[in-house]
Every structure is written in structure tokens, then in C-alpha cells.
Amino acid sequence: DKEKVYWVTAIIDSRSIWWGGKRHVSPLLDLVNADSQGDAHETKLEDSEDVNQKLAVTRASRRVGKGEQVFENYAQPNYLLFAYHGFLLEDNANDCALLDG
């Protein structure tokens, strides 16, 4: 069923992150809103107490106060933000024009 394939593709595209050249689905990480302030996010794999498991860890690049909303800088141009996440940033320092020729 094409509609289901389109739906699943959109869910994976909008809720996954990339690091180390591979796509990862990180539950709840997609709840963090984006802006273009601060350093680009950096997700790393770190050891956990379970020796057979690693943890995906993304730390804030700036101080976040109690009750303050957490933002993440995706460091991507608007055409990628729109294509994969469904939004644009008005003041995006990483924006550029995509020329297809």
C-alpha cells in the first residue's frame, strides 16, 4: 500500500537523526524544537552501565534555565529542514540555495 509506505517514510525522516554517517531513530529527541542559535548539536555514543549497550547522548550547547524551553541547532539549510522535518527557520545562519541542474 503506497500510502503506508509514504507515511512510514515521513515518520522515519522527521524523527531520525544522523551521526557517524548512519541514521538513528531516537525516541523523544524529536520533541526538542530547533533554532539556529548556539553551536550545532552533537550526538555521541557513550558507554552505559550495561556493557552490551551504548547510549545516544546530545548535550545542550548553552545553559538552559529551569522552566526554559530547550532548543537544538540542527545546523542544516532550510531546504533540508523543510524536506525532512516540515519547518523553516526565519533567521537561519546555515541557509543556502539548492541549485539542481
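Numbering of residues begins from 1 in every chain and follows the order in which that chain's sequence is written. Local features in this predicted model are restricted to residues of pLDDT 70 or higher, and side-chain atom pairs are both shown and tallied only at a pLDDT of 80 or more, whereas totals for entire chains, interfaces and linings draw on every residue. Calculation of side-chain values draws on the structure's entire complement of heavy atoms; hydrogens and water are dropped beforehand.

Participant: An account of helix α1 (residues 2–15) is needed here, citing residue identities and associated values.
Facilitator: Strands are runs of DSSP state E lasting at least 2 residues, helices are runs of H or I lasting at least 4, and numbering of each runs from the N terminus. Expected span of a helix: the number of residues minus one, times 1.5 Å. Between its first and last C-alpha, α1 extends 20 Å over 14 residues, near the 20 Å set by a 1.5 Å rise per residue. Definition of a polar contact: a pair of N or O atoms within 3.5 Å, with one able to donate and the other able to accept a hydrogen when the atoms are protein atoms, and with sequence-neighbouring residues admitted only if both atoms are side-chain atoms. Between the side-chain oxygen at the start of α1 and the backbone nitrogen of Glu3 there is a gap of 3.1 Å, and the oxygen is on Asp1.

Participant: Let's hear about the pattern of salt bridges: which residues, and what values?
Facilitator: For this document, the term salt bridge refers to a Lys or Arg side-chain nitrogen within 4 Å of an Asp or Glu carboxyl oxygen. Tallied over the entire structure, the rule returns three salt bridges. One salt bridge in this structure joins Arg62 and Asp35, with 3.0 Å as the shortest N-O distance. With a gap of 27 residues between them, Arg62 in the loop between β5 (54–58) and β6 (71–72) and Asp35 in the loop between β3 (33–34) and β4 (43–47) connect regions that are remote in the sequence. Among the salt bridges present, the one from Asp47 reaches Lys54, with a minimum N-O distance of 2.6 Å.

Participant: Describe unusual backbone geometry, and please don't skip the residues or the numbers.
Facilitator: Leaving glycine out, the prevailing phi sign among residues is negative, and the prevailing peptide bond configuration is trans. One non-glycine residue, Ala75, lies in the positive phi region at around 55°. Along the chain, the position of Ala75 falls in the loop between β6 and α2 (78–85).

Participant: Explain the pairing of strand β1 (residues 16–19) residue by residue, including any values.
Facilitator: Of the strand pairs in this sheet, β1 and strand β2 (residues 22–25) are connected by four bridges, and their pairing is antiparallel. Across the sheet, the residue bridging to Trp18 is Arg23, located in β2. Counting the residues between successive antiparallel strands, the hairpin from β1 to β2 contains two residues, one of them, Gly20, with a positive phi of roughly 60°. Strands are treated as partners if at least two bridges between them are detected by DSSP.

Participant: I'd like a description of the environment of Leu55, backed by residues and values.
Facilitator: Within the secondary structure, Leu55 sits in strand β5. A 1.4 Å probe rolled over the protein chains alone gives each residue an accessible area, and that area as a share of the maximum for its type sets the label: buried under 20%, exposed over 50%, partly exposed in between. For Leu55, a relative accessible area of 39% gives the class partly exposed. Along the backbone, Leu55 and Thr43 are twelve residues apart, and their C-alpha atoms lie at a distance of 9.8 Å. The contact rule is simple, with two residues in contact once any of their heavy atoms fall within 4.5 Å. Apart from residues no more than four positions distant in its own chain, Leu55 is found in contact with Lys44, Leu45, Glu46, Asp47 and Ser48.

Participant: Which residues make up the side chain of Glu72, and what values do they have?
Facilitator: One can find Glu72 in strand β6. Buried and without a salt bridge, Glu72 has Arg62 as its closest oppositely charged side chain, separated by 9.8 Å. All tallies of charge rest on Lys and Arg as positive and Asp and Glu as negative; His and the ends of each chain are not included.

Participant: Residue-level account of the pairing of β5, with values.
Facilitator: Residues in a regular strand point their side chains to alternate faces of the sheet. Here β4 pairs with β5 via five bridges, running antiparallel. Bridged to Leu45 within β5 is Ala56. Linking β4 back to β5 in an antiparallel pair, the connection comprises six residues.

Participant: Describe the confidence of the model for the chain, naming the residues involved and giving the relevant values.
Facilitator: Mean pLDDT over the chain stands at 83; residues scoring 70 or higher make up 99%. Here β1 is the element of the chain with the lowest mean pLDDT, 76, and α1 is the one with the highest, 87. For every residue, the predictor assigns a confidence score, pLDDT, that lies between 0 and 100.

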